[in-house]
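Remarks on the overall topology
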Amino acid sequence: MSAAEQVFARVGYEKAQVEEIADAAGFSKGALYAHFKSKEELFLALFEAKTARSLAKLRHALDSAPTREEKIEAFRTFYIDLSKEKDWALIILEVKLFVRRHPDVQARFRRIDEHAGDNIEGTLTRLFGNSARAAGEALGGIVSALVLESDLEPDALPERKVRALLGTIFDSLLGLGDQPTQTRKPRAQRVLRTY
């Protein structure tokens, strides 16, 4: 899966070759086909597995936070830390392009995406109320877009700036900027903590 992620992120789904993925993983092409029927199966399996791991990481962070405020901060940190996963952000964009170009896989993608969306939406609703649903839809796309822009223009949009922007966006979309200071850390402290 790691080799597939690297290849798909570097060259995209259409140009990725099963032979290249197998070589990068240290397997033969036949061994790869023993596990996956096609490049498409591997691509969607990668998306499904990585999404599940990401959700498990978020769940663990939230379960480890005892108070509502700490859960919000854990969610915020998780969200900002997504910017470190540049290959994953590119894979998400590739998956969206793939589904748009291959409508026959939309049902499978929708099941994976809905499961992830239900988990995140449920968490956001518990922490922020029903008004957080629209914010949840926007947050994922914003990460991918900023990571892509940062990858294309690293001098104009370095990682520290991306992280600061993601923190501001998270706070703004979820209405955290105007909470009383006793429930939120002062802004300067929060921004510095994200670097």
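Residues numbered from 1 in each chain as written. Predicted model: local features only at pLDDT ≥ 70, side-chain atom pairs only at ≥ 80, totals over all residues. Heavy atoms only, no water.

**Observations regarding the packing of aromatic side chains**
The following threshold applies: In summary, the pairing rule links any two rings of Phe, Tyr or Trp, Trp by its six-membered ring, whose centres are within 6.5 Å, and it sorts them by plane angle into stacked for under 30 degrees, edge-to-face for over 60 and tilted for everything else. Helix and strand definitions follow DSSP, with helices as H or I runs of at least four residues and strands as E runs of at least two, each counted in order from the N terminus. Burial classification: accessible surface area is computed with a 1.4 Å probe over protein chains only, and a residue below 20% of its type maximum counts as buried, one above 50% as exposed, and the rest as partly exposed. A ring is scored as having a charge over it whenever the NZ atom of a lysine or the CZ atom of an arginine sits within 6 Å of its centre and within 35 degrees of its normal.
With the rule as written, the count across this model stands at nine aromatic pairs. With 4.8 Å between their ring centres and 65° between their planes, Phe8 and Phe43 make a pair best called edge-to-face. With Phe8 in helix H1 (residues 2–15) and Phe43 in helix H4 (residues 39–64), this pair connects stretches of sequence that are 35 residues apart. Residue Phe8 shares its accessibility class with Phe43, and that shared class is buried. Aromatic ring contacts, followed pair by pair, group Phe8, Tyr13, Phe43 and Phe98 into a single cluster. Here Lys39 stacks its cationic end above the ring of Tyr13, 4.4 Å away from the centre of that ring.

**Some points on the confidence of the model for the protein**
We count it as follows: The predictor reports its confidence for every residue as pLDDT, a score running from 0 up to 100. Note on definitions: a residue-residue contact is assigned when non-hydrogen atoms from the two residues lie within 4.5 Å.
Across the protein, the average pLDDT comes to 84, with 88% of residues at 70 or higher. Within the model, the stretch residues 180–195 combines pLDDT values under 50 with 25 contacts to residues more than four positions away or in other chains.

**A few points about the environment of Leu157**
Residue position: Leu157 is located in the loop between helix H8 (133–152) and helix H9 (159–173). Owing to a relative accessible area of 12%, Leu157 belongs among the buried residues under this scheme. Spatially, the C-alpha atoms of Leu157 and Val147 are 9.0 Å apart, while their sequence positions differ by 10 residues. Other than its neighbours up to four places away in sequence, Leu157 contacts Leu146, Glu149, Ser150, Val162 and Leu165.

**Topic: the packing of H4 against helix H6 (residues 86–101)**
Here is the rule: The axes used here are C-alpha line fits, helices contributing only the stretch in contact, and every angle between their N-to-C directions lies in the interval 0 to 180 degrees. Angles are sorted into four bins: roughly parallel if under 35 degrees, roughly antiparallel if over 145, roughly perpendicular if 65 to 115, and oblique for all others. By the definition used in this description, the sense in which the near helix is turned from the far one sets the handedness, with an anticlockwise turn below a right angle giving left-handed and a clockwise turn giving right-handed. Classes in brief: Ala, Val, Leu, Ile, Met, Phe, Trp, Tyr, Cys and Pro nonpolar; Asp, Glu, Lys and Arg charged; the others, Gly included, polar.
H6 packs onto H4 with a crossing angle of 130° between their chain directions and a minimal axis gap of 11 Å. One element, H4, and the other, H6, form an angle in the oblique class. Considering the relative orientation of H4 and H6, their crossing is left-handed. Taken together, the residues of H6 that come into contact with H4 (itself represented by Glu40, Phe43, Leu44, Leu46, Phe47, Lys50 and Thr51) are Trp88, Ile91, Ile92, Glu94, Val95 and Phe98. Here the contact of H4 with H6 is composed, by residue class, of nine nonpolar, one polar and three charged.

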